[in-house]
Amino acid sequence: MTRPVTLFTGQWADLPFEEVCRLAAEWGYDGLEIACWGDHFEVDKALAHPSYVPRKRETLEKYGLGVWAISNHLVGQAVCDPIDARHKAILPARLWDDDAETVRRNAAEEMKDTARAAALLGVNVVVGFTGSSIWHTVAMFPPAPAEMIDAGYEDFATRWHPILDVFDEAGVRFAHEVHPSEIAYDYHTTVRTLQAIGSRPAFGLNWDPSHMVWQDLSPAGFILDFADRIYHVDCKDAKVRTGDGRRGRLASHLVWADPRRGWDFVSTGHGDVPWEDCFRALNHIGYDGPISIEWEDAGMDRLAGAPEALAYIRRLNAITPPAASFDAAFSSS
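These remarks concern the structure in this document. (Residues numbered from 1 in each chain as written. Predicted model: local features only at pLDDT ≥ 70, side-chain atom pairs only at ≥ 80, totals over all residues. Heavy atoms only, no water.)

**Quick look at helix α1 (residues 17–27)**
Rules: Only protein chains enter the accessibility calculation, which uses a 1.4 Å probe; a residue whose area is less than 20% of its type maximum is buried, one above 50% is exposed, and one in between is partly exposed. Here a helix means four or more residues in a row that DSSP labels H or I, a strand means two or more in a row labelled E, and each is numbered from the N terminus. By construction, the arc corresponds to the directions joining the helix axis to the C-beta atoms. Contacts are assigned to residue pairs that have any heavy atoms within 4.5 Å of one another.
Within α1, the full set of buried residues consists of F17, V20, C21, L23, A24 and W27. The buried side chains of α1 occupy one side of the element, clustering within an arc of 165° when seen end-on. Here the buried face of α1 lies against β1 (5–8), β2 (31–35), α3 (52–62) and α12 (302–317).

Below you can see the structure in the form of structure tokens.
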């Protein structure tokens with residue numbers, strides 16, 4: 001397939017945007033999935049300054065890079081979440097307030113502006129998180145009554161419908177990353193999330209298998225199950241190391257790369273994602289959008305991991321369905 005391979009800049013936002021462009025081009029990436037933090041893409045500046053977006057385009061063109069999606073995970077997280085000090089650490093200061101509901105409303109307005117800014121940049125997909133008012137109930141104690149879970153999905157729909165209205169107006173779609181801590185984090189919660197917003201086309205999915213393997217979900221099966229909702233693809237890997245009686249899947253509040261964890265994110269190709277099955281599934285559903293490499297590996301230098309992951313994904317991305325079935329040659333007619 002001729003899908004472009006991009007680098008997600010979220011884990012590179014400590015570097016200036018132009019430096020990330022230079023590195024990505026040097027390694028041979030086709031483009032970037034640009035994060036809306038650091039100086040990579042600032043939503044407020046994109047809307048306030050007419051020269052901002054053209055300058056970003058000029059920088060991309062200087063290095064021969066394209067862009068097919070931007071991502072605003074950090075702000076999206078605050079739309080539905082119970083707000084605490086963790087959110088203050090990741091949100092732009094201009095969105096923060098001591099009142100939690102004000103923060104959620106500010107985040108919702110910023111997500112609307114993200115759709116408008118994406119349209120100015122010429123991309124039609126925004127990747128991100130939704131947050132969730134009920135994720136904290138997942139451990140099941142104290143017991144969460146059905147009415148509380150129902151209210152969580154209603155809260156999500158109430159907060160996201162107005163955001164998605166703006167996405168529709170801008171001609172942009174939202175690709176929710178299915179991920180623990182979000183309203184949709186596995187198969188059944190994804191089904192329920194889509195039902196909650198009436199399966200409106202503005203809301204789809206960002207497929208990231210690293211969050212599936214440690215939950216014992218089938219990443220390839222997820223592609224087939226939600227074929228019409230895969231709006232974007234992120235390639236990130238995870239390694240599961242449970243089974244010794246000590247290391248559990250909840251990871252024990254241990255930091256990344258601590259060998260006592262039951263699972264960890266690793267650079268693409270170094271974990272348990274069945275990548276070839278997944279790429280064959282993407283071919284089966286006709287996905288022709290970007291393949292974005294999201295580098296996260298606390299045990300590997302990113303300057304080594306990012307180009308290695310690109311080479312690995314290039315080989316898989318080259319798998320192309322044949323023009324005719326192999327058994328057609330057996331026919332005598």
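Resuming the write-up.
**Concerning the packing of aromatic side chains**
Under the convention used in this document: Working definition: a ring pair exists when centres of Phe, Tyr or Trp rings (six-membered ring for Trp) sit within 6.5 Å. Plane angles under 30 degrees give stacked, over 60 give edge-to-face, the rest tilted.
Under the counting rule described, the total for this entry stands at 16 aromatic pairs. A ring pair is formed by W160 and F174, whose centres lie 4.7 Å apart and whose planes are at 40°; its orientation type is tilted. Of this pair, W160 sits in helix α7 (residues 146–170) while F174 sits in strand β5 (residues 173–177), and the two are 14 residues apart along the sequence. Each member of the pair, W160 as well as F174, is classed as buried. Between W214 and W263 the ring centres are 4.4 Å apart and the planes differ by 5°, which places this aromatic pair in the stacked class. Linking W214 in the loop between α9 (210–213) and α10 (219–225) with W263 in strand β9 (residues 263–266), this pair joins segments that are 49 residues apart in sequence. With respect to class, W214 is no different from W263; both count as buried.

**Some remarks on the sheet that holds β1**
Quick note on the threshold: Two strands are said to pair when DSSP picks up at least two bridges between them. Lines fitted to the C-alpha atoms define the axes, with helices restricted to the stretch that makes contact. Angles between their N-to-C directions range from 0 to 180 degrees.
Around the barrel, which closes on itself, the 8 strands sit in the order β1-β2-β3-β4-β5-β6-β7-β10 with parallel pairing between neighbours. Shown here is a sheet whose adjacent strand axes are inclined to one another by a mean of 30°, direction ignored. Pairing analysis gives 2 bridges linking strand β3 (residues 66–71) to strand β4 (residues 125–128), with the strands arranged parallel. The residue of β4 that forms the bridge with S71 is V127. Its contacts with the sheet place α1 against β1 and β2, and it is angled at close to 150° to β2.

**A few points about the pairing of β9**
Residues in a regular strand project their side chains so that they alternate between the two faces of the sheet. By the alternation rule, side chains of β9 split into W263 and F265 and D264 and V266, which are all buried. Across 4 bridges, strand β8 (residues 237–240) lies against β9 in antiparallel orientation. Bridging from a neighbouring strand, D237 pairs with V266 of β9.

**Brief notes about the packing of helix α6 (residues 100–121) against α7**
Note the threshold: Working rule for angles: under 35 degrees goes down as roughly parallel, over 145 as roughly antiparallel, 65 to 115 as roughly perpendicular, anything else as oblique. Here a crossing is called left-handed whenever its near helix is offset anticlockwise from the far helix by less than a right angle, and right-handed whenever the offset is clockwise. Classification used: nonpolar for Ala, Val, Leu, Ile, Met, Phe, Trp, Tyr, Cys and Pro, charged for Asp, Glu, Lys and Arg, polar for all others including Gly.
For the pair α6 and α7, interaxial distance at closest approach is 8 Å and the crossing angle is 15°. By the angle class used here, α6 and α7 are roughly parallel. In this structure, the crossing between α6 and α7 has a hand that is right-handed. Across the interface between the two elements, E101, R104, A108, M111, K112, A115, R116 and A119 from α6 touch R159, W160, P162, I163, V166, F167 and A170 from α7. Split into classes, the residues belonging to the contact of α6 with α7 amount to 10 nonpolar, no polar and 5 charged.

**Concerning the pairing of strand β7 (residues 230–235)**
Of all 6 residues in β7, 6 are buried; the element is thus mostly enclosed. Alignment of strand β6 (residues 203–207) against β7, held across 3 bridges, turns out to be parallel. Across the sheet, N206 pairs through a bridge with H232, a residue of β7. Relative to strand β10 (residues 291–293), β7 runs parallel, the two being bridged by 3 bridges. Looking across to β10, one finds that C235 is bridged to I293.

**Looking at the pattern of salt bridges**
Worth spelling out the cut-off: The salt bridge definition used is simple: a Lys or Arg side-chain nitrogen within 4 Å of an Asp or Glu carboxyl oxygen.
Inspection of the entire model under this criterion finds 27 salt bridges. Across the salt bridge formed by D272 and K239, the nearest N and O atoms sit 3.2 Å from each other. With a gap of 33 residues between them, D272 in the loop between β9 and α11 (275–285) and K239 in strand β8 connect regions that are remote in the sequence. D272 sits in the partly exposed class, given a relative accessible area of 32%.

**Some points on the nonpolar core**
Stated precisely, the cut-off is as follows: Residues grouped as a nonpolar core are buried Ala, Val, Leu, Ile, Met, Phe, Trp, Tyr and Cys residues, joined through side-chain atoms within 4.5 Å.
In this structure, L32 and F41 are the most contacted members of the largest nonpolar core, which totals 89 residues. Judged by nonpolar contacts, the second largest core, of 5 residues, contains A69, V127, A175 and Y231.

**Thoughts on the packing of α11 against α12**
Any two packed helices are characterised by the angle at which their axes cross and by the distance between the axes. At a closest axis distance of 10 Å, the pairing of α11 and α12 adopts a crossing angle of 50°. Here α11 is positioned oblique relative to α12, judged by the angle of their axes. By crossing handedness, the relation of α11 to α12 is classed as right-handed. For the pair α11 and α12, the contacting residues are W275, E276 and F279 in the first and Y312, I313, L316 and N317 in the second. Considered class by class, the residues forming the contact of α11 with α12 number 5 nonpolar, 1 polar and 1 charged.

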